[in-house]
Amino acid sequence: QWRLGDFADEAVDAIRQRVGTSRVICGLSGGVDSAVVAALLAKAIGPQLTCILVDNGLLRKDEEIAVVREFTEHFKTDLHVVKAEERFLAKLAGVTEPQTKRKIIGGEFIVCFREEAAKVEDARFLAQGTLYPDVIESGGSPDGPAASIKLHHNVGGLPKELGFELIEPLRDLFKDEVRRLGLQLGLPEEIIWRHPFPGPGLAVRCLGEVTAEKLHALREADAIVVGEIKAAGLYRQTSQAFAVLLPVQSVGVMGDGRTYENALAVRCVNTDDFMTADWSHLPHDLLSRISTRVINEVKGVNRVVYDISSKPPATIEWE
Ligand code: XMP
């Protein structure tokens, strides 16, 4: 029987042998895969590791804080956080087309990452969280379709032109094995069980033009949705749960007056493979709490709707 204990020890040995005394860069995204790669490298070659986190201003509430805390306090890693919110928002100004948003974000991410990586002296290797399904989906080729999705959107895939030698220690693992490995390496459950989050982040959940003000409302609403689902003990059994800020205004009443404010969609799905998905049949009292809190606490939102579409024909994200 395949034992994860052996895997971790063997991976640590292999990394040490390959890296020697060189320095390794690892991009952190806030997601499970990159966190597990970083934890494995921290164990193998600790002081020779530099992690880079690009804060594009499109992350979930407190996401950056959780990752920074873990990798500075627990793993004591050399961590560079690139504060790039303004750069991303400037590039996104006036842009409404979803694929264009993705391209801008993917491109700017690479620029930011490259700039920061250039400051790391003697860096020879780049560690990435490529998993086994990424390898097969791309037909085993680094230029296949799945690789190109990751290339543009994820820390999991940076272009070859960066000039580093790649280290991909999770290439033989499935997601559930990556989670178990992460727990074994001491990562907190909060990071291990975090729902997947798209590379372009909140930009594709803020329909239409992305602005700092809309992102603020979306981030607050999203935190309420996720917080209430966690409080109800339903987070782990839901595959993805998030808020989508709609570019639709509707009439509401507040006290004696009428409001004309944004609508917010709540999207929760259950899925095994993210290729097909069913909407989550959440308890009505939970939906009711989410709605009440969002309308009371998030400025600019006066209506909450629940998305009851399955994939296909709908997709999980709205953009
Ligand atoms: P859809 O919306 O296509 O989403 O049903 C399927 C899964 O993919 C995620 N997703 C993305 N992930 N970059 C990513 O890294 C993207 O541009 C992107 N678009 C969608 C989505 O969150 C879901 O898990």
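From a predicted model like this one, the values you see are computed outputs, not experimental measurements. One numbering rule holds for all chains: residues counted from 1, following each sequence as written. Owing to the predicted nature of the model, reporting of local features is limited to residues with pLDDT of at least 70; listing and counting of side-chain atom pairs is limited to 80 or more, with chain, interface and lining totals taken over all residues.

## Details of the overall build of the protein chain
Put simply, DSSP marks the helices as runs of H or I at least four residues long and the strands as runs of E at least two long, and each gets a number from the N terminus on. On a plain count of helices and strands, the protein chain comes out with eleven helices and nine strands. A radius of gyration in this sense is built from C-alpha atoms; the matching globule rule multiplies 2.2 Å by the number of residues raised to 0.38. Compactness check: the protein chain gives a C-alpha radius of gyration of 20 Å against a globular reference of 20 Å for 319 residues, within 12% of the reference. Expressed along its principal axes, the backbone C-alpha trace of the protein chain runs to roughly 70 × 45 × 40 Å. Across the 319 residues that make up the protein chain, the buried fraction comes to 36%. We call two residues in contact whenever the C-beta atoms placed from their backbones are within 7 Å. Of the contacts made within the protein chain by residues no fewer than 6 positions apart, 74% connect residues no fewer than 24 positions apart. Exposed residues have 12 or fewer other C-beta atoms within 10 Å of their own C-beta, buried residues have 20 or more, and partly exposed residues fall in between, where C-beta atoms are placed from the backbone.

## A short note on unusual backbone geometry
Residues K311 and P312 are joined by a peptide bond in cis, for which omega reads -15 degrees. In this fold, P312 is placed in the segment after β9 (301-306). For the bond from P312 to P313, the omega torsion is 5 degrees, close enough to zero to count as cis. One non-glycine residue, D62, lies in positive phi territory at about 65 degrees. As for its placement among the helices and strands, D62 is situated in the loop between β2 (49-55) and α3 (63-74). Backbone geometry at F274 places phi at a positive 65 degrees, although glycine is not the residue there. Take F274: it is sitting in the loop between β7 (257-270) and β8 (278-279).

## Considering the sheet that holds β2
Between any two strands, at least two bridges found by DSSP are needed for them to pair. Sheet architecture is open: five strands sit in the order β3-β2-β1-β4-β5, paired in parallel fashion. Edge positions in the sheet fall to β3 (78-83) and β5 (165-167), since each has one partner strand and no second. With strand direction ignored, the average angle separating the axes of adjacent strands in the sheet is 30 degrees. In this structure, β2 lies alongside β3, joined through six bridges in parallel fashion. Bridge pairing in β3 links C51 to L79. Packing against the sheet, helix α5 (residues 98-118) makes contact with β1 (23-28), β2, β3 and β4 (123-127), and its axis sits at approximately 145 degrees to β2. Between the N-to-C directions of two axes lies an angle of 0 to 180 degrees, each axis being a line fitted to C-alpha atoms and, for a helix, fitted only over the stretch in contact.

## Re the domain arrangement of the protein chain
For the domain bounds, the source is a domain assignment made automatically or taken from a database. Under the domain assignment used here, the protein chain contains domain 1 (4-192) and domain 2 (211-306). Each of domain 1 and domain 2 was reduced to a C-alpha centroid, and the two centroids are 29 Å apart. On the side of domain 2, five residues touch domain 1, which itself brings four residues to the contact. A breakdown of the residues in the side of domain 1 that touches domain 2 according to their chemical character gives one nonpolar, one polar and two charged. All amino acids are sorted into three groups, where Ala, Val, Leu, Ile, Met, Phe, Trp, Tyr, Cys and Pro are nonpolar, Asp, Glu, Lys and Arg are charged, and the leftover types, Gly among them, are polar.

## Quick look at the environment of L185
Tracing the sequence through the fold places L185 in the loop between α8 (175-184) and α9 (189-192). Accessibility expressed as a C-beta count within 10 Å gives 18 for L185, which makes it partly exposed. Distance from L185 to K43, taken between C-alpha atoms, is 8.1 Å for residues 142 residues apart in sequence.

## Remarks on the packing of helix α4 (residues 85-92) against α5
Look at α4 against α5: their axes get within 10 Å of each other, and the N-to-C directions meet at 145 degrees. With respect to the hand of their crossing, α4 and α5 are arranged in right-handed fashion. Where α4 approaches α5, its residues R87, F88, K91 and L92 are matched on the opposing element by K101, I104, I105 and E108. In the contact of α4 with α5, the residues fall into four nonpolar, no polar and four charged. Crossing handedness is defined as follows: a turn of the near helix away from the far one that is anticlockwise and smaller than a right angle gives a left-handed crossing, while the clockwise case is right-handed.

## Details of the nonpolar core
By convention the nonpolar core is taken to be a set of buried residues drawn from Ala, Val, Leu, Ile, Met, Phe, Trp, Tyr and Cys and joined through C-beta atoms within 7 Å. If you look at the biggest cluster of nonpolar residues, it comprises 74 residues, and the most contacted ones within it are V24, C26, V36, A38, L41, A221 and V225. Of the residues that make up this core, three or more belong to each of domain 1 (4-192) and domain 2 (211-306). Setting aside residues no more than four positions away along its own chain, A38 makes contact with C26, L28, C51, F71 and T77.

## A few points about the environment of L89
Relative to the elements of secondary structure, L89 occurs in helix α4. Sequence separation of L89 and A203 is 114 residues, and the distance between their C-alpha atoms is 9.6 Å. Setting aside chain neighbours within four positions, we find L89 in contact with G57, V210 and A212.

## Things to note about helix α10 (residues 212-231)
One fewer than the residue count of a helix, multiplied by 1.5 Å, yields its expected span. Taking 1.5 Å as the rise per residue, α10 with 20 residues should run 28 Å; its terminal C-alpha atoms sit 28 Å apart, in good agreement. Listed as buried for α10 are L215, A217, L218, R219, A221, D222, I224, V225, V226, E228 and I229. Where α10 is buried, its residues contact β6 (240-254), β7, α11 (284-297) and β9. Residue G233 follows α10 closely and has a positive phi angle near 75 degrees.

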